[in-house]
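Remarks on the overall topology
So the chains spell out like this:
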Amino acid sequence: MDALSASAAVITLAALFSWLNHRYIRQPASIALLLFSLALSLSVVALGKLGLDPRGQAQNALGAIELDRVLLDSMLSFLLFAGALHVDLGELERRKWPIAFLASAGVAISAALAGGALWWIFRTVGHPVPLIYCLLFGALISPTDPIAVLGVLKSAQAAKSLQVKMAGEALLNDGFGVVLFVLFLGIALGGKEATFGSVALLFVREVIGGGLFGLVIGYVAYRMLAPINNHKVEILLTLALVMGGYALALALHVSGPIAIVVAGILIGNHARKHAMSENSRERLDEFWELVDEILVAVLFVMIGLELLRLEFHANYAWAAALAIPAVLAARLVSVALARLVPALRADFPPYVIGILTWGGLRGGISVALALSLPPGRHRDAIITVTYVVVLFSILVQGLTLSRLLRRPAPK
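This section reports on the structure supplied with the text. (Residues numbered from 1 in each chain as written. Predicted model: local features only at pLDDT ≥ 70, side-chain atom pairs only at ≥ 80, totals over all residues. Heavy atoms only, no water.)

1. With respect to the environment of Leu-172
By the secondary structure assignment, Leu-172 is in helix 10 (residues 160-188). Counting along the chain gives 85 residues from Leu-172 to Pro-257, while the straight-line C-alpha distance between them is 8.0 Å. (Helix = DSSP H or I, 4+ residues; strand = E, 2+ residues; numbered from the N terminus.)

2. Re a negative patch on the surface
A cluster of acidic residues, Glu-282, Glu-286, Glu-289 and Glu-293, forms a negative patch on the protein surface. Mapped onto the secondary structure, Glu-289 falls in helix 14 (residues 278-305). (Patch = residues over 30% accessible without salt bridge, like charges linked within 9 Å, V, L, I, M, F, W, Y side chains within 5 Å. Areas by Shrake-Rupley, 256 points an atom, 1.4 Å probe, with all protein chains shown as cover. Salt bridge = Lys/Arg side-chain N within 4 Å of Asp/Glu carboxyl O. Lys, Arg positive; Asp, Glu negative; His and termini not counted. Charge placed at Lys NZ, Arg CZ, Asp CG, Glu CD.)

3. Focus on the packing of aromatic side chains
In this structure the tally under the stated criterion is eight aromatic pairs. With a centroid separation of 6.0 Å and an interplanar angle of 85°, the aromatic rings of Trp-19 and Tyr-24 are classed as edge-to-face. The class of Trp-19 is partly exposed, set by a relative accessible area of 49%. Each member of the aromatic cluster is reached from another via a ring pair, and the members are Phe-78, Phe-81, Phe-287 and Trp-288. In this structure, Arg-23 is placed above the aromatic ring of Tyr-24, and the distance from its NZ or CZ to the ring centre is 5.2 Å. (Phe/Tyr/Trp six-rings, centres within 6.5 Å; stacked < 30°, edge-to-face > 60°. Buried < 20%, exposed > 50% of the residue type's maximum accessible area, 1.4 Å probe, protein only. Lys NZ or Arg CZ within 6 Å of the ring centre and 35° of its normal.)

4. With respect to the packing of helix 16 (residues 350-358) against helix 18 (residues 379-406)
Where helix 16 meets helix 18, the closest approach of the two axes is 9 Å, and the angle between their N-to-C directions is 145°. Residues Tyr-351, Ile-355, Thr-357 and Trp-358 of helix 16 lie in contact with helix 18, whose contacting residues are Phe-392, Val-396, Gln-397, Thr-400, Leu-401, Leu-404 and Leu-405. Taken together, the residues of the contact of helix 16 with helix 18 break down into eight nonpolar, three polar and no charged. (Axes fitted to C-alpha atoms, helices over the stretch in contact; angles between N-to-C directions. Contact = heavy atoms within 4.5 Å. Nonpolar A, V, L, I, M, F, W, Y, C, P; charged D, E, K, R; others polar.)

Geometric descriptors of this kind do not, in isolation, establish any biological role.
This is the structure in structure tokens:
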């Protein structure tokens, strides 16, 4: 099956599953679509046990689409921009230090703890994996997923300060996580030495460079939007900003996700208010909300179908089951350590630490990074553990987080 036919099949499934959810079960769209696609995947596996072989065709179709490339090279930019459009810059500024801690030091601490825990887990189950590959897992699993987090926050009624922390962290921590991932991957492949200078250069180029580049392209788009009053042209300009800006960021070797988030925040807070009419704002919001919903539907269907490409072994299953509490514990420690910083202590009372720990949802980005690992003897183990942790995060944490967020904070 070619890429076009495979894409048509996935979109058809997304539409069918969305209809079933809206008609019968009315759960959050991302979670419902993931459940339906998982059920379909398990049905295909069961048919294989009965002597039929639809799994091979499904694997070929998924291979033609390549979730890791589709998400990291194209879908992610649209989803990040759609989420960043509605981030309140004033609220973000007021909580910049807690968000900065969670998106940087928090990711690094969690990556080290989760990676170290997985190294011990693999040794315990009798399938040793080198520490550097376990640290790769820590780097890809530690950043919270903006797509999953923002999806839950849309329906939740949490305190504004908590929503800003969660959304801000989710939108900004991918850049730092990718820096760690690239660093550890270079070491694992034997082509890069981890020195303070190389790490600092990678951080400056990816994170700071991505932020500055996002400011530049966002400002250029803002100046182009200001003198016109035509919603079709304005929407087309934002599309060009997302697609062209992301592609150029990757070509310049700066963080595309951070660049698009910064540009989206600038457009959302300045261009929407000062360079657009009321009609243009409404049309722009409707367009990007539709893009967001369509891509989220496709993404979560693809995540569920990726089950068909996994090679499960007993050791991998035990490691994955033990990795779930290990990742949650690493997240808890990384968030709770903020209380050791006097200036941040008031922003992280025990109640908030608990919410941020359980609300550290992982999603498609973690799966895509795992799938992007080059072929090797440890690749399947890392992908399997990542997939199971992500499924638990979306289905268990995601389904219960909204209820947790609605509970009043203790006085």
